[in-house]
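# Architecture and fold: a report
If you want the building blocks of each chain, they are given just below.
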Amino acid sequence: MNAEELAAQLGAWKQDQTRLYRGLAEQLRLLIRLGSLPPGSELPPERRLAVELAVSRTTIAQAYSLLKDEGWLVSLQGSGTRVAHAQPAVAPPADYGAAASGFIADVVRDRVRAVDLTVPSPPPGPWLMTAMSRLPALAAAALPGRVYEPAGYPALRDRIAGKLTTDGRVTAAEEVIVTNGATQALSLLAGALTRRGDTVLVEELTCPTVLASLRTAGLRLVVVPIEREGADPQAVEAAVRRYEPSFIYLIPTYHNPTGWTMTEHRRAAVAAIARRYGVPLVEDLTLADTRIDGPLPPPPIAAYAPGAQIYTVGSLSKVCWPGLRIGWLVGPRRELQRIVHLRAMYDLGCPLPTQLLAVELLDDLPQIRLERQRELLRRRDTLLAALAEHLPQWRHESPHGGLSVWCATPRPLQQLNHVAQRHGMQLMLGAHFAVGARSYLDHVRLPFTLDEGELVEVVKRLAGYWVEAGCG
Ligand SMILES: Cc1ncc(COP(=O)(O)O)c(C=O)c1O
């Protein structure tokens, strides 16, 4: 693997600026364990990797040396540094954070930067307070009921089934599990549908939190190219035949990070592939309720192949508020029964008060969606206008939904990233979303969930950093 490819795979490892080599070693260890750096593969020379990562050669030398001492790497006379053929017997348990995106690692380490552009977090609207004010009365009616409901509070399962049916996937309450965000739904699916070492088919750009969860579960990822019309069914079918994945994971509506939406035609075609090959398909509709303009998105993929093993994952995080931690997993009844048992082992269910709130919010969803739409429209257009004025070299589209703009830049962004970090701004570079051979180091995802004044300020600052990084 050359230095540029390795830098792209490494993701966010510079969390601990005081002991950089440890962060680098931790991430390299993880790549070896997950098979991204297979036994015998050669690592880039220290000097070249140091240039690519913009760190000193000593940092690389220390990281390599630590991994050699631990038995992960070997150096042979004249053949550089390679991954050892036999891995050390004890896999260190403490490196989950290394698989995580910069955002998760920062949250866990409570190291949030002054300007955090890593995660598009929509603010709660007044409707949240309204729903909360009704909580005492709702609780008085609900609390005498059952305490443990691992599949979810029945009234909420019912509302979610109703929402999915309106969206186009005919759903019964028994086909719904309420989860702690879409994140838990996706972790449960990874746990239920795979074993360590299995293969999962993903788009070449995809949600970093999901990537972290799949990688940490020890899964091998194979990719299909990303396209404006959604994943190409021919590429999906070819990959299914070749790699026999345990499941296919797609983000068909307002894709994260590109914002693209899969066409009806392609939805029908991939649904048919899932049915024909009996391969489970997971569609992540977490962003589906954040339409800003343009045509209404097509129905869920599952609507095109009733009875196939297609799971629809959704969430209130983007349309309402991520702090609620309410999401859902919808799928075939028989499989869900198995997954509920898995879920019960983790947490026995979501907190009841939040589920009561979610019932209220789903009852008000059409109105909430409309308010969110107006706000996102204003903010998206503010961001696009600021980019056009201050960073006209950056290319982007105007997304019809979602919470961010996907920008292509004329130069790789590592240098800009270093400058931004120095000034306390945390960016989400394209490399965090990239799975395949292409690194996307010349892309960045900019959220428009800040208020309008802040958005303009952020773009002005970015334009300054762009010049400071020698790119402008
Ligand atoms: C496509 C996608 N899936 C899942 C998630 C996680 O959502 P939740 O907050 O519901 O766990 C996100 C959030 O960023 C996302 O963009």
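Please refer to the structure placed before this passage.
Notes on the structure in this doc start here. All figures in this text were calculated on a predicted structure; none of them were measured in a lab. (Residues numbered from 1 in each chain as written. Predicted model: local features only at pLDDT ≥ 70, side-chain atom pairs only at ≥ 80, totals over all residues. Heavy atoms only, no water.)

## A closer look at the packing of helix α15 (residues 352–363) against helix α16 (residues 365–390)
Two elements in contact, α15 and α16, have axes separated by 5 Å at closest approach and are oriented at 75°. By the angle class used here, α15 and α16 are roughly perpendicular. Residues L361, L362 and D363 of α15 pack against L365, P366 and I368 of α16. Grouping the constituent residues of the contact of α15 with α16 by class yields 5 nonpolar, no polar and 1 charged. (Axes fitted to C-alpha atoms, helices over the stretch in contact; angles between N-to-C directions. Helix = DSSP H or I, 4+ residues; strand = E, 2+ residues; numbered from the N terminus. Parallel < 35°, antiparallel > 145°, perpendicular 65-115°, else oblique. Contact = heavy atoms within 4.5 Å. Nonpolar A, V, L, I, M, F, W, Y, C, P; charged D, E, K, R; others polar.)

## Topic: the site of the ligand
For the ligand, the set of nearby residues contains 13 residues, the closest of which are A182, T183, D284, S315 and S317. Protein contact buries 92% of the 400 Å² of open area that the ligand shows by itself. At 3 residues, helix α10 (residues 181–193) tops the list of elements feeding residues into the shell around the ligand. Of the residues belonging to the shell around the ligand, the class tally is 4 nonpolar, 6 polar and 3 charged. (Near = heavy atom within 4 Å. Areas by Shrake-Rupley, 256 points an atom, 1.4 Å probe, with all protein chains shown as cover.)

## Re the pattern of salt bridges
Inspection of every chain in the model, using the stated rule, returns 23 salt bridges. As a salt-bridge pair, K163 and D167 come within 2.7 Å of each other at their nearest N and O atoms. Of this pair, K163 and D167 both sit in helix α9 (residues 154–167), separated by 4 residues, roughly a single helical turn. A relative accessible area of 30% means that D167 is categorised as partly exposed. (Salt bridge = Lys/Arg side-chain N within 4 Å of Asp/Glu carboxyl O. Buried < 20%, exposed > 50% of the residue type's maximum accessible area, 1.4 Å probe, protein only.)

## Regarding the pairing of strand β5 (residues 199–203)
Along β5, 5 of the 5 residues are buried, which leaves the element largely enclosed by surrounding structure. Here β5 shows two buried faces, one formed by T199, L201 and E203 and the other by V200 and V202. In the sheet, β5 pairs with strand β6 (residues 220–224) via 5 bridges, with the strands oriented parallel. Across the sheet, residue T199 finds its bridge partner in β6, namely R220. Assessed by its sense of winding, the connection that carries the chain from β5 through helix α11 (residues 208–216) to β6 is right-handed. Pairing analysis gives 3 bridges linking β5 to strand β7 (residues 247–250), with the strands arranged parallel. Residue pairing for β7: L201 is matched across the bridge by I248. (Pairing = 2+ DSSP bridges. Right-handed = clockwise from strand over helix to strand, strands pointing away.)

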